[in-house]
Structures are given as structure tokens and as C-alpha cells.
Amino acid sequence: QVQVVESGGGLVQSGGSLRLSCTASGSISTIYAMGWYRQAPGNVREMVALITSGGNTNYAGFAKGRFTISIDIAKNTVYLQMNSLKPEDTAVYYCKADLKTSVAIRRYDAWGQGTQVTVSS
């Protein structure tokens, strides 16, 4: 069984910064990649940033230049540094881990419960 837990969300003023953290734990044998997604009320869930275990990254257009994703593979932890936040960044931010466990036949995506980020104008 795998648990994915996010932290670091909160309320911040426009132009401010937040750092999100996400740790995957359990009977994990391999983490291939981790990433952040977000979902605002009435919207579909969208990708924010992804990073492989080797450090290759991919960002959504709105995240480029403002957000930075990093990974500590030894700790099964991914971070998202968010700067120059805007009210439109307000959403629940979800962490996803692409992994394989010691008992699973195939790799799969494990999701966290989400952390709320609210940016006030």
C-alpha cells in the first residue's frame, strides 16, 4: 500500500510565494516520476509540472518562469516552489507519483488528497 501526502498549501497574497511538498511512502520499489496537478472549482484537473527520477522536467505554460519543480528521490519527495502567485493560481494542488511497488505487477499512478492554495488579490 502506498500513501501520497501533500503539504505546504495555504493563503497568500498576490505576488507571494509558497512551497509545496509531497512524499510517497509505503512498499515502493521504484519511483519513475512525480508531478503536480491542480483543479480549480468548475475546472478540470490540469498538469502543473512533472519531473522524472532523473530530473527531467515538464511545465505547463502558465507555470514556466514562476514555478520550479524538484525531486529528492532518496526521500521519495517532490517539491513545487511557486513564486509570483496570481489569484488565478487558486486551486487544490494534487501530487501524483508514477511508481511500482514491491508487489504490483505494473507501475501505476498514486495520488494524494490535495492541498488548497488560495491567492488573494
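Before reading further, recall that the structure is shown in the block above.
What you see is a predicted model, and the numbers here were worked out from it, not measured in a lab.

Attention now goes to the sheet that holds strand E1 (residues 2–7). Read across the sheet, four strands follow the order E1-E3-E8-E7 without closing on themselves; strand pairing throughout is antiparallel. Edge positions in the sheet fall to E1 and strand E7 (67–72), since each of these pairs with one other strand and no more. Each neighbouring strand pair of the sheet contributes to a mean axis angle of 15 degrees, computed without reference to strand direction. As paired strands, E7 and strand E8 (residues 77–82) are joined by six bridges and run antiparallel to one another. Within the sheet, the bridge partner assigned to Asp-72 lies in E8 and is Thr-77.

Counting residues in hydrophobic clusters, the biggest one holds 31 residues, and the most contacted among them are Trp-36, Leu-80, Met-82 and Tyr-93. Looking at this core, the elements with two or more residues in it are E1, strand E3 (18–26), strand E4 (28–39), strand E5 (46–52), E7, E8, strand E9 (91–101) and strand E11 (115–120). Considering every element that reaches this core, the biggest residue donor is E9, with five residues.

So, on to the state of the cysteines. Here the structure, examined in full by the defined rule, presents one disulfide. Cys-22 shares a disulfide with Cys-95; S-S distance 2.0 Å. One quick way to see it: the torsion about the S-S bond of Cys-22 and Cys-95 is about -80 degrees, and its sign makes the bridge left-handed. Residue Cys-22 is located in strand E3, and its partner Cys-95 is located in strand E9; the two are separated by 73 residues in the primary sequence.

A positive phi angle, near 55 degrees, is found at Asn-76, a position not held by glycine. Its identity as a non-glycine residue notwithstanding, Ser-84 has a phi of 50 degrees, on the positive side. In this fold, Ser-84 is placed in the loop between E8 and E9.

Let us now look at the pattern of salt bridges. Across all of its chains, the model carries five salt bridges by this definition. The shortest N-O distance in the salt bridge between Asp-98 and Arg-107 comes to 2.5 Å. Judged by its relative accessible area of 15%, Asp-98 is buried. Look at the salt bridges and you will find they share partners, linking Arg-38, Glu-46, Arg-66 and Asp-89 into a network.

Time to look at the packing of aromatic side chains. In the structure shown here, the tally under the stated rule is two aromatic pairs. Judged by centre distance (6.5 Å) and plane angle (80 degrees), the ring pair of Phe-62 and Phe-67 falls under edge-to-face. Looking at Phe-67, the relative accessible area reads 3%, which means it is buried. Here Arg-45 stacks its cationic end above the ring of Trp-111, 4.8 Å away from the centre of that ring.

Rules and cut-offs
- Residues numbered from 1 in each chain as written.
- Predicted model: local features only at pLDDT ≥ 70, side-chain atom pairs only at ≥ 80, totals over all residues.
- Heavy atoms only, no water.
- Pairing = 2+ DSSP bridges.
- Helix = DSSP H or I, 4+ residues; strand = E, 2+ residues; numbered from the N terminus.
- Axes fitted to C-alpha atoms, helices over the stretch in contact; angles between N-to-C directions.
- Core = buried A, V, L, I, M, F, W, Y, C linked by side-chain atoms within 4.5 Å.
- Buried < 20%, exposed > 50% of the residue type's maximum accessible area, 1.4 Å probe, protein only.
- Disulfide = S-S within 2.5 Å.
- Salt bridge = Lys/Arg side-chain N within 4 Å of Asp/Glu carboxyl O.
- Phe/Tyr/Trp six-rings, centres within 6.5 Å; stacked < 30°, edge-to-face > 60°.
- Lys NZ or Arg CZ within 6 Å of the ring centre and 35° of its normal.

Note that all results are geometric; they support no functional claim without further evidence.
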